[in-house]
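Chain by chain, the residues:
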Amino acid sequence: MLLNQVLNPKNNNFDLFRLVAALLVIYGHASAVVPNAENSDFVWDLLRFEYSGGLAVKFFFILSGLLVTVSFLNMPKMDVFLIKRAARIFPGLFVCLCISVFIVGPWFTTLSLSEYFQHGETWRYLFNNTFLYELVWRLPGVFAESQHGLNGSLWTLPLEVACYLFLAAIYGLGIWRFKWLSNVTLAGVFFVSFFMPQILPPLLANSEEAQLLPGCFALGALFATNQQFIVINRQGVLALGLLLLLLWSTALKIPLFYLWFFYTCLYLGSRKVVVEKLKIPVDPSYGVYIYGFLIQQCLGHLFPEQGILFNRWSAAVIAIFAGTISWLYIEKPSMHFIKNFKMTRVWNK
């Protein structure tokens, strides 16, 4: 099929792939939250340049770049686009932060409740992280020994929002009026992200993984921009795989790997058996992602004698439950409200 045919919800099972990616993040984070855990990761053992959580995050960004750009191109109104993106990200995030501040924090803090709620850091955690502004990583007296703060998964959300804003900006500048110009712009972001990260803005300078995320998002946007011409089939999987093997020892290895990996996921996600037999009725992936690390931290402190296998499986089950509740009662209703509200004054401009 052509990619624009694959993007028909009846022809893909991307919800399942998003869920698997979110569970891979939990798998990858377990060694960081389980005391004295052996740092084993099957993705790292295979690739030696990427671990499971990092691969999952990059998959999220490429798929997001694809689907968000398609949504934008289907309704090219900047204000509508931004409101829809906010409805997708912020309601679920806010509820997760409230649970962190008002349930997890009081439960695990070493301070008295009065000290905890009078501490300025408690309210900065809720306020700053709600707006993804200068993220606060710790609640007072909670998991103070953790090197990763309370919820290490939140670090990608400001970068995701920055990618949305970049997409809106280049549309507002008229770049998408000319397909060649949009392709050059997105390819430029991809190139800079993978080969010249030193010129990226400070927000992306924290780590090598952060530097690659704009390029991953741009790769997905490139797929979306050229969806009428990209064929998704087994021959493409094999051809890209052979090219990757031939160039494995070159500087092109890493970007080619992500290209091949994502193309393969598109191919597998559009297979008839995957679409018809493995379709899931909900999309809990965002909730699994934002709750997973928090749940793993709690399990690690409640059951320090249990090993990494217990943490991975228990956190996965609880996170799927939390993600399903978040999807059914927070995320889906928020998006449904925006859709039904019509935003008449905006939509008809």
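Refer to the structure above for everything that follows.
On a predicted model such as this, the values are computed, not experimentally measured, just so you know.

*Asks:* Lay out the overall build of the protein chain in plain terms, naming residues and giving numbers.
*Replies:* Along its length, the protein chain carries 16 helices and 0 strands. A globule of 349 residues ought to have a C-alpha radius of gyration of about 20 Å, and the protein chain, at 21 Å, matches this closely. Out of the 349 residues belonging to the protein chain, those deemed buried represent 53%. Carbon and sulfur atoms make up 67% of the accessible area of the protein chain, which amounts to about 17,100 Å² in all. The protein chain carries 24 positive and 17 negative side-chain charges, and their two centres are separated by 17 Å.

*Asks:* Explain helix α11 (residues 234-246) residue by residue, including any values.
*Replies:* Under the 1.5 Å per step criterion, the end-to-end length of α11 is 18 Å for 13 residues, consistent within 8% with the ideal 18 Å. By the burial criterion, the buried members of α11 are G236, V237, L240, G241 and L244. Buried positions in α11, seen along its axis, are confined to an arc of 130° and lie on one side of it. Those residues of α11 that are exposed and aimed more than 90 degrees away from the buried face are R234, Q235, L238, L242, L245 and L246. Buried-residue contacts for α11 involve α12 (253-269).

*Asks:* An account of the nonpolar core is needed here, citing residue identities and associated values.
*Replies:* Among the nonpolar cores identified, the biggest contains 100 residues, and L3, L66 and F223 are the most heavily contacted of them. Broken down by element, the residue count for this core peaks at 12 residues, all from helix α4 (residues 52-74). The residues touching L66, leaving out its near neighbours within four places in the chain, are L3, L7, G220, A221, F223, A224, F262 and L266. Grouped together as the second largest cluster of nonpolar side chains are 5 residues, A30, V33, F293 and I308 included.

*Asks:* How would you explain the layout of surface pockets if you had to name every residue and give the values?
*Replies:* For the largest pocket, the calculated volume is near 1,400 Å³. Around the largest pocket sit 39 residues that line it, and R18, L67, R85, R88 and D283 are the ones nearest its centre. Every element with two or more residues in the lining of the largest pocket is listed here: α2 (14-33), α4, α5 (78-108), α8 (156-172), α14 (285-302) and α15 (308-341). Top element by residues in the lining of the largest pocket is α4. It accounts for 10 residues. Tallied by class, the residues present in the lining of the largest pocket amount to 22 nonpolar, 7 polar and 10 charged.

*Asks:* Outline the packing of aromatic side chains, supporting the account with residue identities and numerical values.
*Replies:* The full count for this structure, using the stated rule, is 25 aromatic pairs. Pairing F257 with W260 gives two aromatic rings, centres 6.1 Å apart and planes at 45°, and the pair type is tilted. Placement of the pair is F257 and W260 together in helix α12, with a separation of 3 residues, close to one helical turn. Among the aromatic residues, those joined into a cluster by ring pairs are F49, F59, F190, F194, F223, W248, F257, Y258, W260, F261 and F262. Over the ring of Y164 we find R85, and its NZ or CZ is 5.7 Å from the ring centre. Here the guanidinium or amino end of R312 rests over the ring plane of Y27, the centre of that ring lying 3.7 Å away.

*Asks:* Could you give an account of the pattern of salt bridges, with specific residues and numbers?
*Replies:* If you walk through the whole model with that rule in mind, you get 7 salt bridges. For D15, the salt bridge identified is with R18, shortest N-O distance 2.4 Å. Remark: R18 and D15 occur in helix α2; sequence separation between them is 3 residues, near one turn of the helix. Taking the relative accessible area as the measure of exposure, D15 reaches 23% and is therefore partly exposed. Measuring nitrogen to oxygen at the nearest pair gives 3.4 Å for the salt bridge that ties D283 to R18. Here D283, found in the loop between α13 (272-277) and α14, pairs with R18, found in helix α2; they are 265 residues apart in sequence, far enough to count as distant. Judged on exposure class, the residue D283 and its partner R18 are both buried. Through salt bridges with shared partners, a single network forms among D15, R18, R88, D283 and E331.

*Asks:* Describe in detail the packing of α2 against α14, supporting the description with residues and values.
*Replies:* The contact between α2 and α14 brings their axes to 9 Å, and the two run at 20°. Relative to α14, the element α2 is oriented roughly parallel. Relative to α14, the crossing made by α2 is right-handed. When α2 is examined against α14, the residues R18, L19, A22, L23, V25, I26, H29, A30 and V33 are found in contact with a partner set consisting of S285, V288, Y289, G292, F293, Q296, Q297 and G300.

*Asks:* Quick rundown of helix α10 (residues 208-225)? Include the residues and the values.
*Replies:* Between its first and last C-alpha atoms α10 spans 27 Å; for 18 residues at 1.5 Å apiece the expected length is 26 Å, and the two agree. By the criterion of burial, α10 is predominantly enclosed, with 17 of the 18 residues buried.

*Asks:* So, unusual backbone geometry: which residues are in play, and what are the values?
*Replies:* Of note in this structure, L132 is not a glycine but carries a positive phi near 55°. One can find L132 in the loop between α7 (120-130) and α8.

*Asks:* Which residues make up the environment of F261, and what values go with them?
*Replies:* Of note, F261 is situated in helix α12. Along the chain, F261 and L240 lie 21 residues apart, while their C-alpha atoms are 9.2 Å from each other. Not counting residues up to four positions away in its chain, the partners in contact with F261 are L55 and F59.

Parameters at a glance
In this numbering scheme, every chain counts its residues from 1 along its sequence in written order. Predicted model: local features are reported for residues with pLDDT of at least 70 only, side-chain atom pairs are reported and counted for 80 or more only, and whole-chain, interface and lining totals are derived from all residues. Hydrogens and water molecules were not included; the side-chain quantities draw on all heavy atoms of the structure. Think of it this way: any DSSP run of H or I at least four residues long counts as a helix, any run of E at least two long counts as a strand, and we number them from the N terminus. Using C-alpha atoms as the atom set, the radius of gyration is obtained and then compared with a globule rule of 2.2 Å times the number of residues to the power 0.38. Buried, partly exposed and exposed residues are distinguished by accessible area as a fraction of the type maximum, computed with a 1.4 Å probe on protein chains only: under 20%, between the cut-offs, and over 50%, respectively. Each accessible area value is a Shrake-Rupley result obtained with a 1.4 Å probe; residue values ignore everything except the protein chains displayed when judging cover. Think of it this way: Lys and Arg go in the positive column, Asp and Glu in the negative one, and His and the chain ends go nowhere. Lysine's charge is taken at NZ, arginine's at CZ, aspartate's at CG and glutamate's at CD. For a helix, the expected span equals 1.5 Å multiplied by the residue count minus one. Regarding the arc, it is the one traced by the directions from the helix axis to the C-beta atoms. We call two residues contacting when some pair of their heavy atoms lies within 4.5 Å. What we call a nonpolar core is a set of buried Ala, Val, Leu, Ile, Met, Phe, Trp, Tyr and Cys residues that are connected through their side-chain atoms within 4.5 Å. Cavities and pockets are found on a 1 Å grid laid over the protein atoms alone: a cavity is a set of points where a 1.4 Å probe fits but cannot escape, a pocket is an open set with protein on both sides within 12 Å along at least five of seven lines, and a lining residue has an atom within 4 Å of such a point. Grid points are joined across faces, edges and corners, and a volume is the space filled by probe spheres set on the points. Think of it as three bins: nonpolar holds Ala, Val, Leu, Ile, Met, Phe, Trp, Tyr, Cys and Pro, charged holds Asp, Glu, Lys and Arg, and polar takes everything else, Gly as well. Any two of the Phe, Tyr and Trp rings considered here, Trp counted by its six-membered ring, make a pair once their centres fall within 6.5 Å; the pair's planes then place it as stacked at under 30 degrees, edge-to-face at over 60, or tilted in between. Geometrically, a charge over a ring is one whose NZ (Lys) or CZ (Arg) sits within 6 Å of the ring centre while staying within 35 degrees of the ring normal. Every case where a carboxyl oxygen of Asp or Glu lies within 4 Å of a side-chain nitrogen of Lys or Arg is listed as a salt bridge. As a rule, the C-alpha atoms of each element are fitted with a line to give its axis, helices using only the stretch in contact, and angles between N-to-C directions run from 0 to 180 degrees. The cut-offs work like this: below 35 degrees is roughly parallel, past 145 is roughly antiparallel, 65 to 115 is roughly perpendicular, and the gaps in between are oblique. Note on convention: the crossing is left-handed when the near helix lies turned anticlockwise from the far helix by less than a right angle, right-handed when the turn is clockwise.

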